[in-house]
Amino acid sequence: MASPTDLAAEILAHGVVAALVVQVVIRRVPVRAPVARLAFRTCVLVLPLVLPFMLRWLAPCRGTEAFTDLALFSTARWNRLAIAGVGLRDLGLLVAALLGIVLLVPDLLHLLAARRLDLRAERTPLPADHPVVTAFTALVDDTVPVMGAPPTRVDIVETPARLLHCHGAWRPAIVASRGVVDGLPRDQLRAAVVHEVAHIARHDVLRGWVLLVLRLVQWFNPVAQLFGRRAAQEMEWEADRVAATVTGTPLALARALIWSVRGRDAQFLGVLGRGRASIIEERCRRLLDYDPDTDAVAPRMAPAMTGLVAALATLLFFVI
Amino acid sequence: MSEPVHSGVRVPSRGTVGGRRFSYVLLSCVALFALLLRLTDHVPAWLRGEPRGVQRYESVDALERDLHTRLLVPAYFPDVLQWPPARVALSAGDGQPTLIALRDRTTGEERVLIAQSIRGDFAIPSRLLPPGEVVESRDLDVGGRPARLNRVRGPDGGWTDLSLVTEGRRVVIRVLGVATPPDLLRLVRSLHRRRV
């Protein structure tokens, strides 16, 4: 019977190996389509949670010493090296757990702040017959059927802050602040709305929650945290790509993005603020370099995913 | 993928990467990482100065030269056993566990296994002495040292294990097949550091 530490070490090892393989494959192939990269990265988050349990059940021989000699990599072997009486593997697990928490907690706080805003918008929305609400709802209603998205509620918050996002995994809604609706020129507002509706059409809110659950379960795995973050970015890039394609004006979305962060005190947030600013920079750069052909390059997904999962499962079978 | 992303809007067809290129890169990556993992897995054993799994030696002398120590071997040696040993091995594990396997002179099959941890009282790893189901267990006194005699049933038949700590080492003598305890006890009592 494996101890929780053994299991955590195996999950961590599987996560790191899967992440390295997927990252190299994405770069070397190369896979440019965010939707394909999102699928590959999700695979990295799911496999380490499934394989160790499944393989323990299907192949109990993996727990024997004979298999340890056959294995490509054994985490237990590293525990026989000790620093101050603590096994090196356990020490590595501790450092990884600390890193994982450092990466997870800021994102959780950010999510809670966004959730507070959503609740506030739901509690105190502008009246439905308010001209700002009417105009914005009309824009959303025009976009939703074109994008094949489900009916979407619109909530507008009475604040000059620049806020626009979607929420609701089952009953989607777009939350916008008065500041965004009043401040953005028409073409930029439309591009931003198309971006949000693209998220809704692709069920990205639900995907986001699934990613968060996967990250929470692997709180001790910094690689899972980084890949979870990156997967969330891929969703943004895909929504940007769709918005650029549908509107035909990637520059409008880039301008809207820059406008949304202009004047924000990134210094106040320190590294976190700089990190968020650099994410926006990257999205703008991708929009400026937007090329409908190269930005969508991906392998055929069904065989590619099957091959990737089979290859990773085979490799990870020998990582204990 | 060639289908539009959203119904009603013509999104340009996605470009595809050849399946052959994807497969080639994926398989190369898996092979490369398998190699890297295997190399990395050698590091702890290398740092501890022990084999990664089981290392076979040509003779007891060769093993003793490597370990800079003398193994405990029985002075009482029934005629049925053949010397030199059929198998001499050092395993990964605490206390540098070793194994000497002796053949039956008549059948040519391994008959007696002598396993010992060189540096202290540590359990002998199962890669040297595969475990089985203990059907009978008895505590004994061997020259004033407590010992345990186990009759064990394994997948390939039964055996008898006698385990004790002597000269600061955990020693397990396994007799495969039918063993007579008096013979086994004489074998254990005669254990001594080999002189060349």
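In the block above lies the structure referred to throughout.
Computed from a predicted structure; not experimentally measured.

The rules we used
- Residues numbered from 1 in each chain as written.
- Chains lettered and ligands numbered in written order.
- Predicted model: local features only at pLDDT ≥ 70, side-chain atom pairs only at ≥ 80, totals over all residues.
- Heavy atoms only, no water.
- Helix = DSSP H or I, 4+ residues; strand = E, 2+ residues; numbered from the N terminus.
- Polar contact = N/O pair within 3.5 Å; in protein donor to acceptor, adjacent residues only side chain to side chain.
- Contact = heavy atoms within 4.5 Å.
- Buried area = accessible area lost by both parts, 1.4 Å probe.
- Salt bridge = Lys/Arg side-chain N within 4 Å of Asp/Glu carboxyl O.
- Nonpolar A, V, L, I, M, F, W, Y, C, P; charged D, E, K, R; others polar.
- Pairing = 2+ DSSP bridges.
- Axes fitted to C-alpha atoms, helices over the stretch in contact; angles between N-to-C directions.
- Core = buried A, V, L, I, M, F, W, Y, C linked by side-chain atoms within 4.5 Å.
- Buried < 20%, exposed > 50% of the residue type's maximum accessible area, 1.4 Å probe, protein only.
- Parallel < 35°, antiparallel > 145°, perpendicular 65-115°, else oblique.
- Left-handed = near helix turned anticlockwise from the far one by under 90°.

A. Layout of the side chain of R215 of chain A. All names here are of chain A. With respect to the helices and strands, R215 occurs in helix α9 (residues 204-217). Only 3.4 Å separates the side chain of R215 from the backbone oxygen of L103, close enough to count as a polar contact. Setting aside anything within four residues of it in sequence, one finds R215 in contact with L103, L104, D107, A224, Q225, G228 and R229.

B. View of the interface of chain A and chain B. Tallying the contact residues gives 49 residues for chain A and 39 residues for chain B. Carbon and sulfur atoms supply 66% of the area buried between chain A and chain B, which totals about 3,800 Å² over both sides. A per-residue breakdown of the area chain A buries against chain B is headed by E65, R77 and R80 of chain A, which together make up 18% of the total. Applying the counting criterion to the chain A and chain B interface returns four salt bridges. In this structure, the salt-bridge partner of D41 of chain B is R77 of chain A, at a minimum N-O distance of 3.0 Å. Elements supplying a minimum of two residues to the side of chain A that touches chain B: α1 (4-28), α2 (34-58), α3 (65-70), α4 (75-78), α6 (131-147), α8 (186-201), α10 (222-247) and α13 (301-317) of chain A. By residue class, the composition of the side of chain A that touches chain B is 34 nonpolar, five polar and 10 charged.

C. Representation of the sheet that holds strand β3 (residues 153-157) of chain A. All names here are of chain A. The sheet built from three strands is open, its strands ordered β3-β5-β4 with mixed pairing. At either margin of the open sheet sits one strand with a lone partner, and together these are β3 and β4 (164-167). Within the sheet, the average angular offset between the axes of one strand and its neighbour, ignoring direction, is 20 degrees. Relative to strand β5 (residues 173-177), β4 is paired through four bridges, and the arrangement is antiparallel. Pairing of H165 across the sheet is with V175, part of β5. Of the strands in this sheet, β4 and β5 are in contact with α8, which crosses β4 at around 15 degrees.

D. Molecular detail of the nonpolar core. Counting residues in hydrophobic clusters, the biggest one holds 50 residues, and the most contacted among them are V21, V22, V25, F40, L312 and L315 of chain A together with L26 of chain B. Among the elements of the structure, α1, α2, α9, α10 and α13 of chain A together with α1 (19-48) of chain B are those that each provide at least two residues to this core. It is α2 of chain A that contributes the most residues to this core, 11 residues altogether.

E. Structural detail: the sheet that holds strand β8 (residues 157-166) of chain B. Residues and elements named next belong to chain B. Across the sheet, which stays open at both edges, the eight strands sit in the order β1-β3-β4-β5-β9-β8-β7-β6 with antiparallel pairing between neighbours. Each of the sheet's edge strands pairs with one partner strand only, and the pair in question is β1 (54-57) and β6 (133-142). Along the sheet, successive strands turn relative to each other by an average axial angle of 20 degrees, direction set aside. Note that strand β4 (residues 97-104) and strand β5 (residues 110-117) share seven bridges and pair antiparallel. Bridging from a neighbouring strand, L99 pairs with A115 of β5.

F. Representation of the packing of α13 of chain A against α1 of chain B. Close contact between α13 of chain A and α1 of chain B brings their axes to 11 Å; oriented N to C, the two are set at 15 degrees. One element, α13 of chain A, and the other, α1 of chain B, form an angle in the roughly parallel class. For the crossing formed where α13 of chain A meets α1 of chain B, the hand is right-handed. Counting all contacts with α13 of chain A, which are made through A304, G307, L308, A311 and L315 of chain A, the residues of α1 of chain B involved are F22, L26, V30, F33, A34 and L37 of chain B.

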